[in-house]
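# A look at the structure
Residues per chain are reported as follows:
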Amino acid sequence: MKIATIVGARPQFIKISSVSPLLRNDHNEILIHTGQHYDYEMSKLFFDELHIPAPEFNLGVGSGNQGEQTGKMMISIEEVLLKEMPDLVLVYGDTNSTLAGALCASKLHIPLGHIEAGLRSFDKKMPEEINRILTDHSSDLLFCPTQKAIGNLCREGMNQRSYLVGDVMYDAALRIVQIAEGSSRILETLRLKPKEYILATVHRAENTDNKSCLNNIVEAFLQIEEKVVLPLHPRTKKYLDLYGLYERILKNKHILIVDPVGYCDILLLEKNAKKILTDSGGVQKEAYFFRVPCITLRENTEWVETVDASWNVLVGNDIGKILDASRNFEPDGYNETLYGDGKAGEKICRILDGYF
């Protein structure tokens with residue numbers, strides 16, 4: 001069986017590391033990288049570190065407005081699919097690469113599988129929410145990470161093609177953190193001690209592209225008394241410079257700005273943090289995996305289980321809420337099986353074998 005896997009952003013590179021090696025044991029997989037994340041730190045570094053095969057096709061689309069980027073991807077993806085004519089297309093998550101791949105597969109009548117299906121933030125102002133919904137409704141096979149995701153799809157009439165498999169990122173985190181603990185020197189390099197710093201990541205357009213939102217987040221970071229470690233996403237750096245906020249951060253001795261880091265390094269930074277401040281969906285989950293309190297810089301989340309489990313609190317860009325949570329938020333209790341048993345990739349491969 002020939003399978004075309006379409007990815008384009010850093011979280012998707014992590015996810016395919018739990019599935020692609022297993023697929024290639026029995027099937028012919030071709031990997032299509034749209035180029036949505038195109039600099040070394042956000043793309044090639046992850047392929048190297050996770051030992052993912054080099055993409056057979058790198059479309060080099062790059063950045064752009066939502067419609068422009070998605071349209072360019074569709075043009076290039078369609079050309080590859082027409083040339084290769086796979087038996088199945090696999091897409092992951094909720095990016096523009098996900099939607100572009102889903103639409104192309106659907107229009108060419110190629111069976112489509114969506115890994116990380118069924119997530120809903122119920123906020124259609126988020127482009128990711130639109131991508132999720134359209135991809136799910138276009139898919140023939142829906143691989144869900146949680147019971148809540150299954151419930152969402154059942155309510156939308158898609159229960160017959162939905163499968164509860166667990167979270168492929170949980171598979172990856174369990175596997176790679178063991179490697180990271182033996183190979184990464186990030187704590188020594190940054191002179192950090194476990195549980196004596198707060199890790200922060202900011203990259204979503206709703207926070208970076210709005211001057212008021214980003215200013216509030218920066219203001220809160222500046223008022224946090226503890227050390228804040230901030231691996232700086234290229235998008236965030238661009239807007240910090242544009243809004244005149246970058247120099248303010250540099251002058252603050254409590255904030256340590258670092259370049260984007262690889263997956264092994266970020267896992268160790270997450271696992272050893274006292275708390276995590278983030279607007280990333282993947283980091284919210286990883287915080288839960290490692291039992292680190294998470295403070296989410298958004299008004300909603302697709303990973304509602306982490307909030308229901310009291311390990312994640314939503315604060316948006318409210319300065320007071322961010323500061324209160326950074327000082328006082330403490331989780332209670334833990335569910336070991338919330339995101340599966342670490343074998344989601346194996347379950348997906350078995351389902352695909354049965355489907356064909």
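Here is a short report on the structure shown in this document. These figures come from a predicted structure and were not determined experimentally. (Residues numbered from 1 in each chain as written. Predicted model: local features only at pLDDT ≥ 70, side-chain atom pairs only at ≥ 80, totals over all residues. Heavy atoms only, no water.)

Check the secondary structure of the chain and you find 18 helices and 13 strands. Relative to a compact globule of 356 residues, whose C-alpha radius of gyration would be 21 Å, the chain shows 20 Å and is just as compact. C-alpha extents for the chain along the principal axes are approximately 55 × 40 × 40 Å. Each of the 356 residues in the chain was classed as buried or not, and the buried ones make up 59%. (Helix = DSSP H or I, 4+ residues; strand = E, 2+ residues; numbered from the N terminus. Rg over C-alpha atoms; globule rule 2.2 N^0.38 Å. Buried < 20%, exposed > 50% of the residue type's maximum accessible area, 1.4 Å probe, protein only.)

A few words on the pattern of salt bridges. A complete count under the given rule lists 26 salt bridges for this structure. Here Asp209 makes a salt bridge to Arg235, at a shortest N to O gap of 2.9 Å. Within this pair, whereas Asp209 is found in the loop between α10 (205-208) and α11 (211-223), its partner Arg235 is found in helix α12 (residues 234-242), the two being separated by 26 residues in sequence. On the accessibility criterion, Asp209 (33% relative accessible area) is partly exposed. Here Arg235 falls in the partly exposed class, since its relative accessible area comes to 30%. As a salt-bridge pair, Glu226 and Lys274 come within 3.1 Å of each other at their nearest N and O atoms. You can see Glu226 sitting in the loop between α11 and β9 (228-231) and its partner Lys274 sitting in the loop between α14 (263-272) and β11 (275-278), a full 48 residues away along the chain. (Salt bridge = Lys/Arg side-chain N within 4 Å of Asp/Glu carboxyl O.)

Turning next to the environment of Leu141. Examined against the element boundaries, Leu141 turns out to sit in strand β6 (residues 141-144). Leu141 gets classed as buried once you look at its relative accessible area, which sits at 1%. Sequence-wise, Leu141 and Lys274 are 133 residues apart; in three dimensions their C-alpha atoms are separated by 39 Å. Leaving out residues up to four positions away in the same chain, Leu141 has contacts with Leu88, Leu112, Gly113, His114, Arg161, Tyr163, Ile351, Leu352 and Tyr355. (Contact = heavy atoms within 4.5 Å.)

Pairing within the open sheet is parallel, and its six strands lie in the order β10-β9-β8-β11-β12-β13. The sheet terminates laterally at β10 (255-258) and β13 (312-314), the two strands that pair on one side only. The average angle at which neighbouring strand axes cross in this sheet is 20 degrees, direction not considered. The sheet contact formed by strand β8 (residues 198-201) and β11 spans four bridges and is parallel. By the bridge assignment for β11, Ile198 is matched with Lys275. Contacting β8, β11, β12 (294-296) and β13, helix α15 (residues 281-289) crosses the sheet at an angle of about 165 degrees to β11. (Pairing = 2+ DSSP bridges. Axes fitted to C-alpha atoms, helices over the stretch in contact; angles between N-to-C directions.)

This part covers the pairing of β6. The alternating pattern of β6 places Leu141 and Phe143 on one face and Leu142 and Cys144 on the opposite face, and all of these are buried. Note that strand β5 (residues 112-115) and β6 share three bridges and pair parallel. Looking at β6, one finds that Ile115 is bridged to Phe143. By the bridge criterion, three bridges tie β6 to strand β7 (residues 162-164) in an arrangement that is parallel. When the sheet's bridge partners are listed, Phe143 is paired in β7 with Tyr163. Handedness of the β-α-β unit built from β6, helix α7 (residues 147-155) and β7 comes out right-handed. (Right-handed = clockwise from strand over helix to strand, strands pointing away.)

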